[in-house]
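Spelled out, the chains give:
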Amino acid sequence: MNPDASTIAAGAPIEVDLSPVAEGQDIKVFWRGKPIYISHRTKKQIEEARAVNVASLPDPQTDEARVKSGHDQWLVVIGICTHLGCIPIAHEGSYDGFFCPCHGSVYDTSGRIRQGPAPSNLPVPPYQFVSDTKIQIG
Ligand code: FES
């Protein structure tokens, strides 16, 4: 039996089937009323995220620390700009990650802040893979 909508809104974990999400595609789901972006990253996007000099980043974090080992193609982040809370647009901006049109913050393909006023990376919510194609958030 699945939890009803009010239980989910109150914070129950949600399961997301990733199998329909094509490489290069992003989807948005909601968990605890927050938008969660799930990106099926291309090889190029992963390579770009890992080619960065981490020490040069405003909020230094490796790409490996932001994804699950063995599922490196999947990026899962809370889609709320760390500046003032707008919802960034996926697959936009000069780093092919996320762009927040409110004040111009630009995040990369790992959801890390690269330009603009946002002080920190898009947070990674608690989640786990329950199978190769399904995650549980929360
Ligand atoms: S809220 Fe995103 S840049 Fe200001």
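The structure this text deals with has already been given above.
How each quantity is defined
- Residues numbered from 1 in each chain as written.
- Predicted model: local features only at pLDDT ≥ 70, side-chain atom pairs only at ≥ 80, totals over all residues.
- Heavy atoms only, no water.
- Core = buried A, V, L, I, M, F, W, Y, C linked by side-chain atoms within 4.5 Å.
- Buried < 20%, exposed > 50% of the residue type's maximum accessible area, 1.4 Å probe, protein only.
- Helix = DSSP H or I, 4+ residues; strand = E, 2+ residues; numbered from the N terminus.
- Contact = heavy atoms within 4.5 Å.
- Pairing = 2+ DSSP bridges.
- Axes fitted to C-alpha atoms, helices over the stretch in contact; angles between N-to-C directions.
- Salt bridge = Lys/Arg side-chain N within 4 Å of Asp/Glu carboxyl O.
- Phe/Tyr/Trp six-rings, centres within 6.5 Å; stacked < 30°, edge-to-face > 60°.
- Lys NZ or Arg CZ within 6 Å of the ring centre and 35° of its normal.
- Polar contact = N/O pair within 3.5 Å; in protein donor to acceptor, adjacent residues only side chain to side chain.

**Let's talk about the nonpolar core**
So, step 1. Within the largest apolar cluster, 15 residues are counted, with the highest numbers of intra-cluster contacts made by Val16, Leu18, Val29, Ile36, Ile38, Ile135 and Ile137.
So, step 2. Element by element, the count of residues in this core is highest for strand E4 (residues 74-78), at three residues.
So, step 3. Setting aside residues up to four positions removed in sequence, isoleucine 137 forms contacts with Pro13, Ile14, Val16, Val29, Trp31, Ile36, Ile38, Pro125, Pro126 and Tyr127.
So, step 4. Of all hydrophobic cores here, the second largest spans twelve residues; its members include Val67, Ala90, Phe98 and Tyr107.

**Topic: the sheet that holds strand E7 (residues 105-107)**
So, step 1. Strand order in the open sheet formed by four strands is E5-E6-E7-E8, with antiparallel pairing between adjacent strands. Whereas interior strands pair on both sides, the edge strands pair on one side only; in this sheet they are strand E5 (89-92) and strand E8 (113-115). For this sheet, the mean angle separating the axes of adjacent strands, direction not counted, is 40 degrees.
So, step 2. Sheet analysis places strand E6 (residues 97-100) next to E7, joined by three bridges and oriented antiparallel. Within E7, the position partnered with phenylalanine 99 by the bridge is valine 106.

**A short note on the pattern of salt bridges**
So, step 1. Following the criterion strictly, the structure yields nine salt bridges and no others.
So, step 2. Of the charged contacts, one joins glutamate 64 and arginine 50 as a salt bridge, the two residues approaching to 3.8 Å between their closest N and O atoms. In this pair, glutamate 64 sits in the loop between helix H2 (43-50) and E4 while arginine 50 sits in helix H2, placing the two residues 14 residues apart along the sequence.
So, step 3. Owing to a relative accessible area of 31%, arginine 50 belongs among the partly exposed residues under this scheme.
So, step 4. Here the salt bridges do not stand alone but share partners, grouping Arg41, Arg50, Asp63, Glu64 and Asp72 into one network.

**Points about the packing of aromatic side chains**
So, step 1. Tallying each qualifying case throughout the model produces two aromatic pairs.
So, step 2. A centroid spacing of 5.3 Å and a plane angle of 40 degrees characterise the contact between tyrosine 37 and phenylalanine 98, whose relative ring orientation is tilted. Remark: phenylalanine 98 occurs in strand E6 and tyrosine 37 occurs in strand E3 (residues 34-40); sequence separation between them is 61 residues.
So, step 3. Residue phenylalanine 98 is classed as buried on the basis of its relative accessible area of 1%.
So, step 4. Over the face of the ring belonging to tyrosine 127 we find lysine 68, whose NZ or CZ atom lies 4.5 Å from the ring centre.

**Regarding the side chain of arginine 112**
So, step 1. Residue placement: arginine 112 occurs in the loop between E7 and E8.
So, step 2. With relative accessibility at 0%, the residue arginine 112 sits in the buried group.
So, step 3. Separated by 2.8 Å, the side chain of arginine 112 and the backbone oxygen of glutamine 61 make a polar contact.
So, step 4. Leave out the neighbours within four places in its chain, and arginine 112 touches Ala49, Val52, Leu57, Gln61, Thr62, Asp63, Arg66, Val106, Tyr107 and Asn121.

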